[in-house]
Amino acid sequence: MQEGAILITGGAGYIGSHTVRLLSSQRRKIVVLDNLVYGHRDAIIDDQVEFVKGEVGDKELLKELFSRHAFAAVVHFAAYAYVGESVQNPLKYYRNNTSEPLALLDTMQDFGCKVFVFSSTCATYGVPEVVPINENTVQSPINAYGRSKLMLEWILADCETAWGLRSACLRYFNASGCAEDGRIGEDHDPETHLIPRVLMALTGEAGPVEIFGTDYPTPDGTCIRDYIHVNDLATAHAKALDYLQTGGASLRVNLGTGKGVSVREIISAVEAVTGQSVPVIEGQRRAGDPAQLVADPSLASDILGWRAEHLDILQTVRSAWSWMNGPTKGRYSS
Ligand code: UFG
């Protein structure tokens, strides 16, 4: 049992809700702050968790919450995460992902809360020269989403110098899968991510899946990604919290499996899991997609003792499929 409550922003979102569930099962006192723009109230299934609807940039609300709880740490998920939208509407991303969290950091400084776990992304690397990507790879994002996250990484480092904030920047690769019992899962609107999109082509929620590019310099011509199960991400957050709360130094680590899977391999995995044939259209490349993004996750293993446990893509796809076939058919009601 950890001393002091943990504030989790964006805890009603996809990765946030799986992490809230894990941390709460470890009997930590959790307060979730989420504006429910993309999150779902129903994704918080533990009654012990206090839920507050509000904005990360609302200083009055933050002051009230920090006065009431004396938080030991903050886990910050709240962000927009549509890469394409960030290119069309960059200010929305800089405002929400970079500027709004300043109020949160201000409040943490005022209240002496000095532990911060941050949802960063492999999008901060841009198009890497070498794969797998380790943490020494130059961070050169190619879109506003990646830059909005990288700037917050820099801000956290500056806060450490100035007032001793210790942070864990967790650079996720492709979050995927759902809770194995199908009680919580991935419900984005619009849904653009590959695995749910392929499954939706089978449930009839969407038309045939379009493969964005078949002429990449990869063995089967389609993009390769590192699909990391959302519960492995949740475990990494728990380990990062333990590590920082027991005095560990700030860290920046990749969270991935270390294994690359192509778009065609995902489609084959879906066909193997469901026993159905996926309707496919071969389309053009999507702007801004690097050919390959695969993590070297060894630093997270060395520092946190964390390793992905879901290494079989069939297992990950199966968990996403059971959520889509569960009682709510992959959709929250609120
Ligand atoms: N893809 C298709 N068809 C689709 C959807 C996706 O072919 O309908 C392909 C994409 O081109 C890509 C792969 O499937 O090659 C995975 O695409 P996703 O949209 O699922 O994920 P991304 O790799 O684009 O995005 C993820 C995260 C972002 C993060 C980014 C880093 O969702 O938050 O990785 O590049 F920024």
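Overview of the structure. Treat the numbers as computed from the prediction; the structure is a model and nothing was measured.

What counts and what doesn't
Residues numbered from 1 in each chain as written. Predicted model: local features only at pLDDT ≥ 70, side-chain atom pairs only at ≥ 80, totals over all residues. Heavy atoms only, no water. Axes fitted to C-alpha atoms, helices over the stretch in contact; angles between N-to-C directions. Helix = DSSP H or I, 4+ residues; strand = E, 2+ residues; numbered from the N terminus. Parallel < 35°, antiparallel > 145°, perpendicular 65-115°, else oblique. Contact = heavy atoms within 4.5 Å. Nonpolar A, V, L, I, M, F, W, Y, C, P; charged D, E, K, R; others polar. Phe/Tyr/Trp six-rings, centres within 6.5 Å; stacked < 30°, edge-to-face > 60°. Buried < 20%, exposed > 50% of the residue type's maximum accessible area, 1.4 Å probe, protein only. Lys NZ or Arg CZ within 6 Å of the ring centre and 35° of its normal.

## Quick word on the packing of helix α4 (residues 90-99) against helix α5 (residues 101-111)
- At their nearest, the axes of α4 and α5 sit 6 Å apart, and the two run at 15° to each other. Compared by their axis directions, α4 and α5 come out roughly parallel. Taken together, the residues of α5 that come into contact with α4 (itself represented by N96, N97, T98 and S99) are P101, L102 and A103.
- Classifying every residue of the contact of α4 with α5 gives three nonpolar, four polar and no charged.

## Details of the packing of aromatic side chains
- Tallied over the entire structure, the rule returns eight aromatic pairs.
- Ring plane angle 80° and centroid distance 4.9 Å describe the contact between F66 and F71, whose orientation is recorded as edge-to-face.
- Taking the relative accessible area as the measure of exposure, F71 reaches 5% and is therefore buried.
- Centroid distance F116 to F118: 6.5 Å. Interplanar angle 40°. Geometry classified as tilted.
- Residue classification places F118 among the buried residues on the basis of a relative accessible area of 2%.
- Cation over ring: K92 sits above Y80, and NZ or CZ is 4.8 Å from the ring centre.
- Cation over ring: R285 sits above Y216, and NZ or CZ is 4.0 Å from the ring centre.

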